[in-house]
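Observations on the three-dimensional arrangement
What follows is the residue order along each chain.
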Amino acid sequence: MEVKKLFTGEEIPVLGLGTWRIGGGMAADYSKDKIMVEIIQQAIRLGYTHIDTAEMYGGGHTEKLLGRALQHFNRQDLFLTTKVWHSNLHYQGVLNAVEGSLKRLHTDYVDMVLIHWPSTSFPLDESLQALNELVDLGKVRYLGVSNFDLELLEQAQKYSSTQLATNQVHYNLYYRKIVRDGVLDFCQKNKILLTAYTPLERGTIINNPQVKQIATSHSATPAQVALAWLIRQPNVITIPMSANITHLQQNLGALGLELNSDDLQQLDGLEMPEEALWPE
Ligand SMILES: NC(=O)c1ccc[n+]([C@@H]2O[C@H](COP(=O)([O-])OP(=O)(O)OC[C@H]3O[C@@H](n4cnc5c(N)ncnc54)[C@H](OP(=O)(O)O)[C@@H]3O)[C@@H](O)[C@H]2O)c1
């Protein structure tokens, strides 16, 4: 798997496995447990050793399924990221949340913990103090944030005694707010990885005619084009989600896909269709 470097020089795979909706959405879905555990294991065997999850996913059930699946692999071969939900961002809440994730994931440490969304209720310095203590205790290796705008990202970096490793944000061919707002530029200048979530706009990008046409010209798939466009950018890594082995396999093809200047010109100018618009 192709890698990029964290600020320490340690390598992280550029394609991670997203897990939102594996084991449920806001609440647990137990109906496909066996198959989901198998899919996670097959994904890891295919090379998805970087895994993104959150305490909120499936009300904790996603982490439990991962915990079950990961027992069959060497923990040191995996890079696990989880996130603390915004209602748990007070000092004790953060400590309890990460303990809960460790239990569900059946591990002594997580590689990275992110603040999932900024909180309007709890001071950022308090959340970061607790997270930094977890780093000192060896329970967390790297810290990051998610859905932070430029101002909050700068604040978070100021409050955190360890450097932030990533800002995980919504970024794809259709959705580029973080470019306009200077978040990507800040990350690139400060050795912070930008982890692009929802890289396929939940699958809608694959139906775009221009993306399809570029894919055809490379004998590639539209999803590969969308992912390749992201990971060719400095400091950008991404975490597509799929619970389909064929798609997981196909998405790895983004790694070798070289987009030429004509492709890039078209993709950079791509317009987001009305039906794909998100509120900004
Ligand atoms: N930090 C945050 O606030 C935040 C927010 C949203 C997401 N995330 C993270 O980012 C991950 C990815 O985002 P996402 O799940 O929202 O959306 P996404 O990765 O853009 O899209 C996932 C959808 O695309 C489909 N798909 C994947 N590969 C495909 C392919 N090759 N061909 C056709 N369809 C394909 C999947 O269906 P199949 O299962 O059928 O392949 C799934 O329905 C999440 O799972 C989560 O880990 C974080």
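As a reminder, the structure under discussion sits directly above these lines.
Anyway, here's the lowdown on the structure attached to this text. (Residues numbered from 1 in each chain as written. Predicted model: local features only at pLDDT ≥ 70, side-chain atom pairs only at ≥ 80, totals over all residues. Heavy atoms only, no water.)

With that out of the way, let us pick up the environment of E99. Tracing the backbone through its elements, the reader meets E99 in helix α3 (residues 91–105). Between the C-alpha atoms of E99 and I206, which are 107 residues apart in sequence, the distance is 38 Å. (Helix = DSSP H or I, 4+ residues; strand = E, 2+ residues; numbered from the N terminus.)

The strands making up a sheet associate through backbone hydrogen bonding, with each pair oriented either parallel or antiparallel. The eight strands are arranged β3-β4-β5-β6-β7-β8-β9-β10 in an open sheet whose pairing can be described as parallel. The outermost strands of the open sheet, each flanked by one partner alone, are β3 (17–18) and β10 (236–238). Across three bridges, the pairing between strand β9 (residues 193–197) and β10 is parallel. Looking across to β10, one finds that A196 is bridged to T238. The strands touched by helix α5 (residues 150–159) within the sheet are β7 (140–146) and β8 (164–170), with β8 carrying the most contacts at an inclination of about 160°. (Pairing = 2+ DSSP bridges. Contact = heavy atoms within 4.5 Å. Axes fitted to C-alpha atoms, helices over the stretch in contact; angles between N-to-C directions.)

A few words on the site of the ligand. Neighbouring the ligand are 29 residues, the closest being D52, L200, S242, H247 and N251. A distance of 3.0 Å is found between an oxygen atom of the ligand and a backbone nitrogen or oxygen belonging to W20. Within the side chain of S242, an N or O atom sits 2.5 Å from an oxygen atom of the ligand. When residues in the shell around the ligand are grouped by element, the largest group, three residues, is from helix α10 (residues 245–252). When the residues that make up the shell around the ligand are grouped by side-chain class, the tally is 12 nonpolar, 13 polar and four charged. (Near = heavy atom within 4 Å. Polar contact = N/O pair within 3.5 Å; in protein donor to acceptor, adjacent residues only side chain to side chain. Nonpolar A, V, L, I, M, F, W, Y, C, P; charged D, E, K, R; others polar.)

Further remarks concern the pairing of β7. Each regular strand shows side chains that alternate between the opposite faces of the sheet. Taken across its seven residues, β7 has six buried, putting it largely inside the fold. Taken together, the five bridges between strand β6 (residues 110–115) and β7 define a ladder with parallel strand orientation. Paired with M112 across the bridge in β7 is Y142. Handedness of the crossover joining β6 and β7 through helix α4 (residues 124–136): right-handed. Bridge analysis of β7 against β8 gives four bridges, and the strand direction is parallel. When the bridges of β8 are listed, L143 appears paired with L164. (Buried < 20%, exposed > 50% of the residue type's maximum accessible area, 1.4 Å probe, protein only. Right-handed = clockwise from strand over helix to strand, strands pointing away.)

Right, let's talk about the pairing of β8 for a bit. Within β8, seven of the seven residues are buried, which leaves it mostly tucked inside the rest of the structure. Read as a crossover between parallel neighbours, the route from β7 over α5 to β8 is right-handed. As paired elements, β8 and β9 share five bridges and run parallel to each other. Residue pairing across strands places H170 opposite Y197, the latter belonging to β9.

For the rest of this paragraph, the subject is the pattern of salt bridges. Under the criterion given, the structure shown has 10 salt bridges. The partner of R75 in a salt bridge is D111, with the nearest N and O atoms 2.9 Å apart. Of this pair, R75 sits in the loop between α2 (61–70) and β5 (79–84) while D111 sits in strand β6, and the two are 36 residues apart along the sequence. Comparing R75 with D111 shows no difference in burial state: the two are buried. Across the pair D111 and R141 runs a salt bridge, and its minimum N-O distance is 2.7 Å. Linking D111 in strand β6 with R141 in strand β7, this pair joins segments that are 30 residues apart in sequence. (Salt bridge = Lys/Arg side-chain N within 4 Å of Asp/Glu carboxyl O.)

Next up on the list: α10. Since one α-helical turn is 3.6 residues long, residues separated by three or four positions face the same way. Those residues of α10 that sit buried are L248, N251 and L252. Across the axial projection of α10, the buried residues extend over an arc of 105°, all falling on one side. (Arc of directions from axis to C-beta.)

This paragraph deals with unusual backbone geometry. Here the phi dihedral of R21 falls at roughly 85°; this positive angle occurs in a residue that is not glycine. In the Ramachandran plot, E201 falls in the positive-phi region, its phi being about 50° despite a non-glycine side chain. In this structure, E201 sits in the loop between β9 and α8 (209–217).

Quick look at the nonpolar core now. Counting residues in each nonpolar core, the largest one holds 88 residues, and the members touching the most others are Y171, L194 and L259. It is helix α9 (residues 222–231) that contributes the most residues to this core, eight residues altogether. Among all residues touching L194, those that are not within four sequence positions of it are T166, N167, V169, Y171, I178, V183, L184, C187, N235, V236 and I237. (Core = buried A, V, L, I, M, F, W, Y, C linked by side-chain atoms within 4.5 Å.)

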